[in-house]
Amino acid sequence: MGVQSSLTQRSPSVAAVVLNWRDTENTMACLGSLAEHSTLEQIFIVDNETDGSLGQALASPGTPSHTLLEEPANRGFSAGVNVGLRAAIAAKSDYVLVINNDARLRERAVETMLRQFAEDPNVGIVGPAVLNEDGSLQALGPRIGFPLSIDETAASATPDFVTWACVLVSRELLEAVGLLDETFFMYWEDVEFGARTRSAGFRIATAYSALVTHAVSSSHSIAGDRVELYSAYGLGRIAARDRRLLLPSLIRATLRVGKRVATGRFRFAAELGRAYRDGLRPNEQAAFDRVTKGAWPG
């Protein structure tokens, strides 16, 4: 495809995008680790729901070169990452590494992922081997089964999607299929993007020897049970985007609700059901506002 063929005459330019939300310590550490990778020409840091504290930390002497993009509101993972992706596209980066602030690249991980694009011009996005802090496998070549069950460690060479805890994506793919779907607040946006990628004729690839360590997200501990509500909402959004997935998504949502009922969490079970219903609603903004403004239950 176009971008890959043009790169035969020069080295590709690669930018990194890191999303921060109330976690200055991890973001600073992530920036420091990214600065050790000379392949990355630019680093864009998006500060969701900024309070100025990250900016103050980044202004410290000796901070690696970066561009800070401050967002006044927390509009979710997809919208936050998209701010960085737009900046990278405007900077004419050929490839963009999107990485969670609590993830760290191992040596030559970027170069290893880049080779996938050089070896196959149809590749649009590459996922590495994502490891837990203890070295166990967290994600590699995910596949989707029925009913929308996900095997994160399927190790498929042709995965259905890649987790955006760390991905390397081409500008060509982003310009062809668009950015992340911002009606997803958190979770399932990677699955939806994978579906668009495959539908457009691009290949999703796995770089088995590119290693990335990913800690349990601090944002999860801050959000608590709402993380599960965001996931249930995203499950509904998947079905709203592709009605062929209505039945499997409904089965999975019902199993989730039933599990909470079985443990006596009746109120939370009802909230999960409402979150899934909100995701299905055609009025996307009204449903999304209920997610972001903390209106559940109701």
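Anyway, here's the lowdown on the structure attached to this text. For clarity, every value in this text was computed on a predicted model and none was experimentally measured. (Residues numbered from 1 in each chain as written. Predicted model: local features only at pLDDT ≥ 70, side-chain atom pairs only at ≥ 80, totals over all residues. Heavy atoms only, no water.)

So, about the nonpolar core. The biggest cluster of nonpolar side chains holds 29 residues, and the ones touching the most others in it are Leu34, Leu97, Ile99, Leu105, Met113 and Leu168. Broken down by element, the residue count for this core peaks at five residues, all from helix 5 (residues 109–119). In contact with leucine 168, other than residues within four places in its own chain, are Val14, Tyr95, Val96, Leu97, Val110, Met113, Leu114, Phe117, Gly124, Ile125 and Val126. In this structure, Ala87, Ala88, Leu174 and Val177 belong to the second largest nonpolar core, which totals 27 residues. (Core = buried A, V, L, I, M, F, W, Y, C linked by side-chain atoms within 4.5 Å. Buried < 20%, exposed > 50% of the residue type's maximum accessible area, 1.4 Å probe, protein only. Helix = DSSP H or I, 4+ residues; strand = E, 2+ residues; numbered from the N terminus. Contact = heavy atoms within 4.5 Å.)

The next thing to look at is the side chain of serine 33. Here serine 33 shows up in helix 2 (residues 24–34). Take serine 33: its relative accessible area is 13%, and that puts it in the buried class. Here cysteine 30 takes part through its backbone oxygen, which lies 2.7 Å from a polar atom of the side chain of serine 33. (Polar contact = N/O pair within 3.5 Å; in protein donor to acceptor, adjacent residues only side chain to side chain.)

Further remarks concern helix 10 (residues 246–262). Under the 1.5 Å per step criterion, the end-to-end length of helix 10 is 24 Å for 17 residues, consistent within 8% with the ideal 24 Å. Among the structural elements, helix 9 (226–241) and helix 11 (266–280) are those in contact with the buried residues of helix 10. Of the residues flanking the end of helix 10, it is glycine 264, one or two places downstream, whose phi is positive at about 85°. (Expected span 1.5 Å × (residues − 1).)

Let's shift gears to the pairing of strand 1 (residues 14–20). Among the seven residues in strand 1, seven count as buried, and that is most of the element. Residues Val14, Ala16, Val18 and Asn20 point to one face of strand 1 and Ala15, Val17 and Leu19 to the other, with burial holding for every one of them. Inspection of the sheet shows strand 1 paired to strand 2 (residues 40–47) by seven bridges, in the parallel sense. Following the sheet pairing, leucine 19 is matched in strand 2 by valine 46. This β-α-β element, strand 1 to helix 2 to strand 2, shows right-handed connectivity. Inspection of the sheet shows strand 1 paired to strand 4 (residues 95–100) by six bridges, in the parallel sense. Within the sheet, the bridge partner assigned to valine 17 lies in strand 4 and is valine 98. (Pairing = 2+ DSSP bridges. Right-handed = clockwise from strand over helix to strand, strands pointing away.)

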